[in-house]
Structures are given as structure tokens and as C-alpha cells.
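# Descriptive analysis of the structure
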Amino acid sequence: MASPRSSGQPGPPPPPPPPPARLLLLLLLPLLLLLAPGAWGWARGAPRPPPSSPPLSIMGLMPLTKEVAKGSIGRGVLPAVELAIEQIRNESLLRPYFLDLRLYDTECDNAKGLKAFYDAIKYGPNHLMVFGGVCPSVTSIIAESLQGWNLVQLSFAATTPVLADKKKYPYFFRTVPSDNAVNPAILKLLKHYQWKRVGTLTQDVQRFSEVRNDLTGVLYGEDIEISDTESFSNDPCTSVKKLKGNDVRIILGQFDQNMAAKVFCCAYEENMYGSKYQWIIPGWYDPSWWEQVHVEANSSRCLRKNLLAAMEGYIGVDFEPLSSKQIKTISGKTPQQYEREYNNKRSGVGPSKFHGYAYDGIWVIAKTLQRAMETLHASSRHQRIQDFNYTDHTLGRIILNAMNETNFFGVTGQVVFRNGERMGTIKFTQFQDSREVKVGEYNAVADTLEIINDTIRFQGSEPPKDKTIILEQLRKISLPLYSILSALTILGMIMASAFLFFNIKNRNQKLIKMSSPYMNNLIILGGMLSYASIFLFGLDGSFVSEKTFETLCTVRTWILTVGYTTAFGAMFAKTWRVHAIFKNVKMKKKIIKDQKLLVIVGGMLLIDLCILICWQAVDPLRRTVEKYSMEPDPAGRDISIRPLLEHCENTHMTIWLGIVYAYKGLLMLFGCFLAWETRNVSIPALNDSKYIGMSVYNVGIMCIIGAAVSFLTRDQPNVQFCIVALVIIFCSTITLCLVFVPKLITLRTNPDAATQNRRFQFTQNQKKEDSKTSTSVTSVNQASTSRLEGLQSENHRLRMKITELDKDLEEVTMQLQDTPEKTTYIKQNHYQELNDILNLGNYTESTDGGKAILKNHLDQNPQLQWNTTEPSRTCKDPVEDINSPEHIQRRLSLQLPILHHAYLPSIGGVDASCVSPCVSPTASPRHRHVPPSFRVMVSGL
């Protein structure tokens, strides 16, 4: 049967049948009404009105047969419809008319539904309105053609959002809220719990997709972010996993109850349940729906207990079947009273959750027709409502406007329409302990949300967060740790101050004066600067502002660098002076004053300043914040901690650190070289080589270990600061103690011992008959001692001179006269001349010193050597002839060992501790009695 409407515009009325056919139609009309497909006449059980009351026919379209799944809805609402019609008749609301509801079975089939509609149009009376519409597809087809017939349709069970399009379905109304009506309620719930970040999971079905699209529009502009939108057809696990990957905590689901079981099984596998997650899904599923689908869930290896565990706490959103308020409705009964009457009337018919909306729907039709009659009565047309026909556009508009004015309190709440959509009540239920519990409701008319006290339960101590709350926490240096290390630093600075006081107070002492007190002061200053840097390394964002921290990055680097160079530069400068003096091969007098050492230290500092200034000008240190991976909250709260750590860095940090480390490394290598070169100088007041070596060793090892451990503990500021501080404290303390503690101990115990040269001592004892004479060379000045030290490098050369000196001594001896007087002279005076020859001081003036002394001796005393005679011995005894071979041999055996014994210790020969020369055992006792020895002692500086 063709539709009388095309392109949304009303078509011409069907042509009237010819007169014979009209007469036949009038005769067969009662029979056709009884035989018309789907015609059920008046509502079942409703008392028939008296024949004199004109009917107001209403077309009822709904599935009624048992063969259709949704036929239970039609059958379940009929008791409610009968109650409403009976109460309306008893109240004479439409007097003198009565409602005549004629039911037509659509069977939820588009073709059968459309045929039922046109049969009702063709064979039935003029229906004022259409009541019904359960199946979305059938309802949408019929609703689209209503405007051409000037019929207003009121549905009590069609919730599909498609029918909300007023441009396409302008004559369609419904007492049941649409599926989209839950979206404002969801918005209100999200705002109530301050959830501003959600995700959607939608089944690929038009009904659910439309709800999701509408929800997107509702949430848009409400400061609520839809962080992820996922959809699925059969397997939701992939979509669930994506939601978890995007850290979605509040999931808004749109799927049927069969897919719901799969979704929660996937949620269980992904651990997306419990105190951190909240699922919000449709609430219109069948009661105990999980019991019906758990078998299928088990087939996917999801046990029933796992399904229930994942479902625990989900919130269902659906319209409220009956109002919970104890208020009398338009019928004079409360919703609770009506529900009891409905249950009594339906007898063996199963209940339908739409019965309240069907009941209110009959009242809406009655009130609409009442207002339409009032409008007609007030008009000047004097038209009656029973005169309506499908071409009466004016009366159709009157009924449409009257429908829009509906506003009363029914058993489902306040009944009011906005653009044809029911502004009803939405309920919230929560799955608790394997059952659904009502926890709140949303009133669309008042736009209010009411949460029932103490009914909603979250699995945590508080509602879930809408996302992983990332608490950015700056990793700070512990205040107790900073206090402890600061106390140790203060103790170190007090110790350094004590050394400084000791050095200044005793600066005129020979021990301190020889150790360069000015250089000692610089060492102490460098140590104190290093100590001071610890205070700056411990100041982070918990103590200072970001701008101040950035300034401290530069200041502490400068202080530590300058302090290191000052301390070790001064120490190495002192060692260099000792090296320059004692390695002076030419043995020239060399004086190096402290001013020159200060210039050396200043040059080292100048290099430091050049590096630091270039660093600051080209690529200055900046405050950077490093973010680490999230960590769980130690207190067990539903938050994650993202540690933040402040660093002092720049673009080319590695290059600049490499330059600084290279320079400091070269400085330490230079110090090690000087310490090794002066290791044999054993004058403690001058030589700190042993302590410098120990200091460099300790500092080097500690710096390498500290740098490695500090790099490995970048993410642990307490450990890093502790290591850096302890390394600085240890290095500074050990360096100061190695430099000053030995001096302090020596000054208190034996101040002179440190200024003596403990290596260069030799003794020659000479015994006379009645007395013992000892001669010592007193301490010489610093330059003389330096020259004596230089003699070590002349050992080889002086050994070569021994032979020449022996020859000269033999020549002198052979020229001696054989007179007794001369022999006496030799005994008394020649030893003094030998002393002049053997005096080491004369050898230090020139390489030919020995020969010069002998020549001077011969030139100044020729008469004593050759002409002097003893008066008592004028007679020459052949036996006692001094020039005899025997005497010459004896003299050589006596004189040469004396020369060798006195001279060789200074060049590394015979030990100076030998107390007497090695006289030939064949010598006579007379000649074995040597002259008294003399002791030559070279004192240190």
C-alpha cells in the first residue's frame, strides 16, 4: 500500500470509492473491523462505554504475539493501559467522549508493522493519535510518515536516539526517556566526583554509536576530556588494552549484555578493575544478566568469579521505571499504590519495565485531547474533535501543540516534553556483592543529581581518580643529612683556622720560616674554599628559588675550582723550589723567593679564571630539571610520584668538564713529578714530597671513586651529595693534616731536627796520646746547604779526580827532606795541611780545588818544606832516612788511607761512620799511631 506522503509533505487524500462500493463498504464495515489484521478492538478488560458516548479512537501499535521477543513488552503494559483508561473514564475527563484504544500487532517487523498501520488507516475509524512504538525500526518508519496523516504518535518504549531528530520526526513524542537522556545524567555524575578525563568503549551498533556521539557533544565544552575513544565488533580485549595504555581510569561503556561479559573478562585480564577504575555502563540489562552469560564467559577462559570480581563496583545508568517519591500522581494515587494495583491486575502476565510509561502515556493522550477540545470550544469554528480526519491539518496542529504543553506528575515522575523528548528521571545503580543496588537518581527537569547516602561504595578509600595522578615531587637533600655534613664541614674549617693561627703565630720560627709560611697560608685558604663549596652543593630547590639555584650553579663551581688550584698550586710551588735548588747541577747560588712562588700560583689561578670565564660567557650553567619514571606512592594512595631532580648543566657540559679535568689532572701529574724528583731531599722543613705524594694519591683515588659513584647516583640526591661532601671533606682534611700536623709535632718536640740534613754527615776521629779534639763545621746558610746537596751529582767527576790527587800527594811526599827536623815538621804541621786539602768546602769552589790548595801550600811555605830542620836532630841517620823506600812506603800507607777515608764518604765511597783510617797492619806502632782526627759535619738548612 503506497504511502500518501512523499518527501515529507502531506499528500492528497485517497479518492472516495464509487457509490456502489461505498454502500458495500458500509455493510461490511463491522465485519472488516473484526477481521482486520491486528485489530484487537478496545483495550482488553476495559468496560465498554454506553452506546450513546461517542468514541475518541486511538491507534495502538505494539508487538503482542508470543513468537516475538519484544512481544512481552506489549503484553506486559496492557494491564497498565487498562488501569489508565478505567481511571480516566471514572473521572469523566473526556466527557461526553471516551477513549477507544484499538491495538494492532506489529510483530516487530517492518513490513507487518507498516501493513498494520495502513490497514488501520484504511479500514479503521479516524484515529486521533497513535499510541505505541516499541521496536526501533518499525517505529522510525511509521513516525516518518505521521506528518502526512496529521497524526501525533506517543511511544512508551522506543528509546532509540534516532527518533530525537525533530526535523525528520516532528510528530513523534515518547514518555520514556531516550538512550541519549542518560548523557546529561552521566555528565552530572562526572562533575559530582570531579572526573575530568574519561574514555569510551562502544560496540559497533548504531544504537550505541549514536549515544556515544551525543555524549561527545554533551561533554564538549564542559571541561571534560575524552582521552580515548575505542570501538569493537566481537573482541573487545584489544580496545580494553588500548584504554589501559592511555591511562583511562573512568570508562563509559555502550554495549549489550552479551558483550558486557566479554568486556569485563578482558578487564580482568588487563587488571582494569578495583579501586583505580570505574566502569559506567547501560543499566537496562536484564536482571541477573551475568548469570545468563557466564557460560559463554567460561568458554573464553574467564571464570564466573573472575567476571564478578571485574564487575564489582560498576555503575549502571538507566531511566527510572517508577518514581520513588511518595507523592500523589495525576490519577490520585502514589506510584507505590499504582504499582500494587498493576501487579494485582496483570495476574499471570509477566511485568514490563515500561508499564509505568505506558500508564502515563494514556494520561498524556487524555490530557492532550482534553486541551484540544478546550481549544476547539474556545475557537469560533465550532468544530468538534470527533470531526477530525487525516486531511485536517488544523486540528492536527492543535493536537500537536496540546501535546507540547503536557506537564503533570505521573507514576514515572514529572511528565514534560522538550522538543518531543521526555525529561524524565535517570537512576544510578551499582553492582555490589553480586546484586544491583540503587545509589542515586538524576532529575532531568530540575537538572539535579541526588546520591543516596552511604549506598554507593568504592573499592578504595575514596572515589577513583580520573587518571593516574602524577605528583611531581622534587627530590630534595635531606635536612638532617645536610645538617650533619655541614657540621663536619664547620669542624674542618675550624681545624683549618687553627692551622692558619699556628702558621701565623710561628711564622718566625726556623721550621715554619723554612717551609714558606705564605705558601702554607694559601694551602689553608684553598682548603677553606673547598670546605665552603659543600654548603653550596647542599642548597637545592627546597632551600632557594630557581633563580638563586642557577646562580649557585656557577658560584660553587668557581669556588671549588679556585680552592683546589690554590691549595695544590701552592703545595706544588713549594716543591718546585726545592727541586730547583737541589737539582742545580752548576752549583751556583740560587735564591727563589716567595714572591716568585706567588706568581706561579697566580698563573695557575689565571688559567682557571680564563677557563671559567670562557665557560660562563660561551655556555653558562643553567638549572635543568630531569624527570624520572613514575613511582608508586609509598603511603599507598592512588597516585604516582614522578621524581624531579635539579641539575646544573649546559649544552656542552662534557667538553667543559673535560677541559677542567684535563687541567687539574696535568696539575696533579706535575705535582707527582716534583714529589718524585725531590724524594731524596730529607730536610723535613723544606721537603714535603712524601706528604704531597700521599695527598695526591688520596685525592686522586677519592676523586675517581667519588666521580664514578656520583655519576651512578644522579637520581639519588642524598647519596650524591653525601659522596661529594665526604670526598671534599676527606681530601681537604687529609691534605691539611699531612702538611701541618708533622710540623706541629716537630715544633713541639724537636724543632732543630727538622732543619738538619740527616744524610750528609761524616766523622773522622783522630786520637792523640793525652787528648781528643773534635772539629765540626757549623750550620751553613740555606744556599751553602743547597750546594752541598748538589755534590751528589758530581760523584762521578770527583771519583776521577782521586787518582790525580793521589799522584800529587805522592810527589809532595817524595820531595820531602830526610832531615829529622822536617820529619818533626811533618808530624806536627802536615796534618793541618792535609785538613786543608780534605776540606770539602774547598772542593765546592772549583773542580780543581785540590790541586790549587796543594800549590798554594807549596808556594807559601817552601822554606818549611825544604829548609826547616830540627836543632836536636842535625845528624843524619841512614836507618831513619825519611826518603828511604821503607819510609816512603810507610808514609803512603798512612796518608793515602786518611785521604780516601775522609773524602770518599762525600762522593758515596766509604761509610763516614768509620772512626779511623785503615792503616796497614804491617806498619810499626809508631806509624800506626795516626794524628788526631777531625769531624766534619755538614748541617742542613
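Residues numbered from 1 in each chain as written. Predicted model: local features only at pLDDT ≥ 70, side-chain atom pairs only at ≥ 80, totals over all residues. Heavy atoms only, no water.

This part takes up unusual backbone geometry. Along the chain, R95 connects to P96 via a cis peptide bond; the corresponding omega equals 10 degrees. Within the chain, S92 stands out as a residue other than glycine whose phi angle is a positive 50 degrees. Following the sequence through the fold, S92 ends up in the loop between helix 2 (71-90) and strand 4 (98-105). With phi around 60 degrees, D223 is a residue other than glycine that occupies positive phi space. Take D223: it is sitting in the loop between helix 7 (206-219) and strand 9 (225-232). (Helix = DSSP H or I, 4+ residues; strand = E, 2+ residues; numbered from the N terminus.)

With that settled, consider the nonpolar core. F117, F131, F156 and L369 are the most contacted members of the largest nonpolar core, which has 107 residues in total. For this core, the leading source of residues is helix 13 (residues 355-378), giving twelve residues. Lining this core are residues from two domains, each supplying at least three of them: domain 1 (55-178 + 334-421) and domain 2 (181-324 + 429-471). In this view, L369 contacts L56, I58, L94, L99, L128, M129 and I385; residues no more than four positions away in its chain are not counted. Listed in part, the 54 residues of the second largest apolar core include L485, I524, M528 and V739. (Core = buried A, V, L, I, M, F, W, Y, C linked by side-chain atoms within 4.5 Å. Buried < 20%, exposed > 50% of the residue type's maximum accessible area, 1.4 Å probe, protein only. Domains from an automatic or database assignment. Contact = heavy atoms within 4.5 Å.)

Overall, antiparallel pairing links the three strands, which are arranged 13-14-15 in an open sheet. For this open sheet the edge positions go to strand 13 (407-410) and strand 15 (421-422), each flanked by a neighbour on one side alone. The sheet contact formed by strand 13 and strand 14 (residues 413-418) spans four bridges and is antiparallel. Within the sheet, the bridge partner assigned to F409 lies in strand 14 and is Q414. Each of strand 13, strand 14 and strand 15 touches helix 13; the most contacted strand, strand 13, lies at about 145 degrees to it. (Pairing = 2+ DSSP bridges. Axes fitted to C-alpha atoms, helices over the stretch in contact; angles between N-to-C directions.)

Glancing now at the side chain of T200. Relative to the elements of secondary structure, T200 occurs in strand 8 (residues 197-203). Under the relative-accessibility criterion, T200 is labelled buried at 2%. Separated by 3.5 Å, the side chains of T200 and T229 make a polar contact. When sequence neighbours within four positions are dropped, the list of residues in contact with T200 reads R212, L215, I226, D228, T229, E230, L243 and L252. (Polar contact = N/O pair within 3.5 Å; in protein donor to acceptor, adjacent residues only side chain to side chain.)

Whenever strands of a sheet pair, they do so through backbone hydrogen bonds, lying parallel or antiparallel. Spatial ordering of the open sheet is given by 9-8-10-11-12-16-17-18, a layout of eight strands whose pairing is mixed. Here the strands that pair on one side only, and so sit at the sheet edges, are strand 9 and strand 18 (448-451). Within this sheet the neighbouring strands show an average axis-to-axis angle of 25 degrees, counted without direction. Pairing geometry for strand 16 (residues 425-432) and strand 17 (residues 435-443), over eight bridges, is antiparallel. Paired with T425 across the strands is N443, a residue of strand 17.

Attention shifts here to the state of the cysteines. Applying the stated rule across the entire model yields four disulfides. With its sulfur 1.9 Å from that of its partner, C237 forms a disulfide with C266. Between C237 and C266 the disulfide shows an S-S torsion of about -70 degrees. By sign, it is left-handed. Of this pair, C237 sits in helix 8 (residues 237-245) while C266 sits in helix 9 (residues 257-269), and the two are 29 residues apart along the sequence. Look at C237 and you get partly exposed, because its relative accessible area is 23%. Under the relative-accessibility criterion, C266 is labelled buried at 4%. The residue that forms a disulfide with C265 is C302, at a sulfur-sulfur distance of 2.2 Å. The disulfide joining C265 to C302 has a torsion of about -90 degrees about its S-S bond and is therefore left-handed. Of the two residues, C265 is situated in helix 9 and C302 in the loop between helix 10 (289-299) and helix 11 (304-311); the sequence distance between them amounts to 37 residues. (Disulfide = S-S within 2.5 Å.)

Mapped onto the secondary structure, P184 falls in helix 6 (residues 182-192). Along the primary structure P184 and L219 are separated by 35 residues, whereas in three dimensions their C-alpha atoms are 8.7 Å apart.

This part covers the packing of aromatic side chains. In this structure the tally under the stated criterion is 29 aromatic pairs. Seen in terms of ring centroids, Y193 and F458 are 5.3 Å apart; in terms of plane orientation they differ by 85 degrees. Their pairing is edge-to-face. Taken together, the positions of Y193 in the loop between helix 6 and strand 8 and F458 in the loop between strand 18 and strand 19 (469-474) put the pair 265 residues apart, joining distant regions of the chain. Note on F458: relative accessible area 18%, which makes it buried. Taken together, a centroid distance of 5.7 Å and an interplanar angle of 35 degrees make the contact between F264 and Y314 tilted. Pair noted here: F264 is in helix 9 and Y314 is in the loop between helix 11 and strand 12 (315-319), with a separation of 50 residues, a long-range link. A relative accessible area of 0% places F264 in the buried class. A relative accessible area of 2% means that Y314 is categorised as buried. Over the ring of W284 we find R207, and its NZ or CZ is 4.2 Å from the ring centre. (Phe/Tyr/Trp six-rings, centres within 6.5 Å; stacked < 30°, edge-to-face > 60°. Lys NZ or Arg CZ within 6 Å of the ring centre and 35° of its normal.)

It is worth spelling out the packing of helix 15 (residues 479-505) against helix 17 (residues 517-537) at this point. The N-to-C vectors of helix 15 and helix 17 enclose an angle of 170 degrees; their axes lie 9 Å apart at closest approach. Between helix 15 and helix 17, the crossing angle belongs to the class labelled roughly antiparallel. Residues of the contact of helix 15 with helix 17, tallied by class, amount to 14 nonpolar, seven polar and no charged. (Parallel < 35°, antiparallel > 145°, perpendicular 65-115°, else oblique. Nonpolar A, V, L, I, M, F, W, Y, C, P; charged D, E, K, R; others polar.)

Time to look at the pattern of salt bridges. Summed over all chains, the structure comprises 24 salt bridges. Two residues, D387 and R384, come together in a salt bridge whose shortest N-O distance is 3.3 Å. Residue D387 is classed as partly exposed on the basis of its relative accessible area, which comes to 33%. One network of salt bridges, with partners in common, ties together E320, K438 and E441. (Salt bridge = Lys/Arg side-chain N within 4 Å of Asp/Glu carboxyl O.)

What follows deals with the packing of helix 3 (residues 110-123) against helix 4 (residues 136-144). At a minimum axis distance of 9 Å, the contact between helix 3 and helix 4 shows a crossing angle of 40 degrees. Comparing their axes, helix 4 and helix 3 come out oblique. In this structure, helix 3 meets helix 4 at a crossing whose hand is right-handed. In this structure, helix 3 contributes N110, G113, L114 and F117 to the contact, and helix 4 contributes S137, V138, I141 and I142. (Left-handed = near helix turned anticlockwise from the far one by under 90°.)

A separate point is the side chain of T566. Within the secondary structure layout, T566 lies in helix 18 (residues 546-582). Those residues within four positions of T566 in sequence are excluded, and the remaining contacts are L522, G526 and L605.

With that settled, consider the environment of W195. Examined against the element boundaries, W195 turns out to sit in the loop between helix 6 and strand 8. Between the C-alpha atom of W195 and that of P464, which follows or precedes it by 269 residues, the distance is 8.7 Å. The contacts of W195, once residues within four sequence positions are left out, are L189, L190, I224, I250, Q278, I280, F458, P463, P464 and D466.

This brings us to the confidence of the model for the protein chain. Within the protein chain, residue pLDDT values average 76, and 72% of them lie at 70 or more. Note on residues 1-47: pLDDT is under 50 here. Beyond four places in sequence and across chains, it has 52 contacts. Taken as a whole, residues 817-880 scores under 50 in pLDDT and shows 83 contacts with residues more than four places along the chain or in a different chain. (pLDDT = per-residue confidence, 0-100.)

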